[in-house]
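# Examining the three-dimensional arrangement
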Amino acid sequence: FWVDEFSSASQAKLLLTYGIGVFNIEQRYFEYHNITAHILMALSFALLGAAEWSARLPMAIIGSTVPLALYLLCLRVSKNTIISLCAALLAATSYFMITWSTQARGYPIQQVLTIILLTSYIALLQTTRPSKRHVATLVGTSLLGIITHVSFLIVISVLSLHYTLT
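Described in the following lines is the structure provided in the data block. (Residues numbered from 1 in each chain as written. Predicted model: local features only at pLDDT ≥ 70, side-chain atom pairs only at ≥ 80, totals over all residues. Heavy atoms only, no water.)

### Some words on unusual backbone geometry
With phi around 60°, Lys 79 is a residue other than glycine that occupies positive phi space. Take Lys 79: it is sitting in the loop between helix H4 (66-78) and helix H5 (81-93). Relative accessible area serves as the criterion here: at 58%, Lys 79 is assigned to the exposed category. (Helix = DSSP H or I, 4+ residues; strand = E, 2+ residues; numbered from the N terminus. Buried < 20%, exposed > 50% of the residue type's maximum accessible area, 1.4 Å probe, protein only.)

This is the structure:
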């Protein structure tokens, strides 16, 4: 494992060992940030065995959806296929995106959730009457983002401020 990946794997193993009771144990430290990544890694460990590649696999799968999500976001904003394809291509070949997607950390989850939230928010702004689907997507993505990492509140706060001001 590289740098802080070992801590994610350790947290995933704690989830496997203690299950939902991991939130109540006092003799072990459980990191509440990146809980979604830890759960996905724990599931991967349960299905594929505890190994570096199985810890990284869920993030690689999620990270591979970032270019598609970015394509859809750019298409929503620009209505231009060429611009959207360029953005997706840049994301697909970005050193940072590739690195984050091949580490056993929750960065790709935060990226995808942020892009989904932005896409849903822009869709909401572009309609005269918000549908239940728009609201459900915004609320669901926001909750999953907060559960994944509390820093997602920054994205929600910025969008809330924008909505209030406009």
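After presenting the structure, the write-up continues.
### A look at the nonpolar core
Core analysis: the biggest nonpolar cluster contains 35 residues, and Val 22, Phe 30, Met 41, Leu 70, Ile 109, Ile 115 and Leu 117 have the highest contact counts within it. The element best represented in this core is helix H7 (residues 107-125), accounting for seven residues. With residues near it in sequence (within four places) discarded, Met 41 still touches Ser 8, Ala 9, Ala 12, Ala 55, Pro 58, Met 59, Ala 104 and Arg 105. (Core = buried A, V, L, I, M, F, W, Y, C linked by side-chain atoms within 4.5 Å. Contact = heavy atoms within 4.5 Å.)

### Re the side chain of Thr 141
You can see Thr 141 is positioned in helix H8 (residues 132-148). Within the structure, Thr 141 has its side chain in polar contact with the backbone oxygen of Thr 137 (distance 2.7 Å). (Polar contact = N/O pair within 3.5 Å; in protein donor to acceptor, adjacent residues only side chain to side chain.)

### Re the packing of H8 against helix H9 (residues 152-165)
Where H8 meets H9, the closest approach of the two axes is 8 Å, and the angle between their N-to-C directions is 145°. On the side of H8, the interface is formed by Thr 141, Ser 142, Gly 145 and Ile 146, while H9 contributes Phe 152, Leu 153 and Ile 156. (Axes fitted to C-alpha atoms, helices over the stretch in contact; angles between N-to-C directions.)

### Regarding helix H2 (residues 35-48)
Its 14 residues give H2 an end-to-end C-alpha distance of 20 Å, which sits within 8% of 20 Å, the value for a rise of 1.5 Å per residue. Every buried residue of H2 is accounted for by Ile 35, Thr 36, Ala 37, His 38, Met 41, Ala 42, Ser 44 and Phe 45. Turning to H2, the residues buried within the fold contact helix H1 (5-18), helix H3 (52-63), H7 and H8. Backbone geometry just after H2 places Gly 49 at a positive phi near 95°. (Expected span 1.5 Å × (residues − 1).)

### A look at the pattern of salt bridges
Overall, the coordinates contain two salt bridges when judged by the stated rule. For Glu 5, the salt bridge identified is with Arg 56, shortest N-O distance 2.8 Å. Placement of Glu 5 in helix H1 and of Arg 56 in helix H3 is noted, with a sequence separation of 51 residues between them. The exposure class assigned to Glu 5 is buried, which follows from its relative accessible area of 0%. (Salt bridge = Lys/Arg side-chain N within 4 Å of Asp/Glu carboxyl O.)

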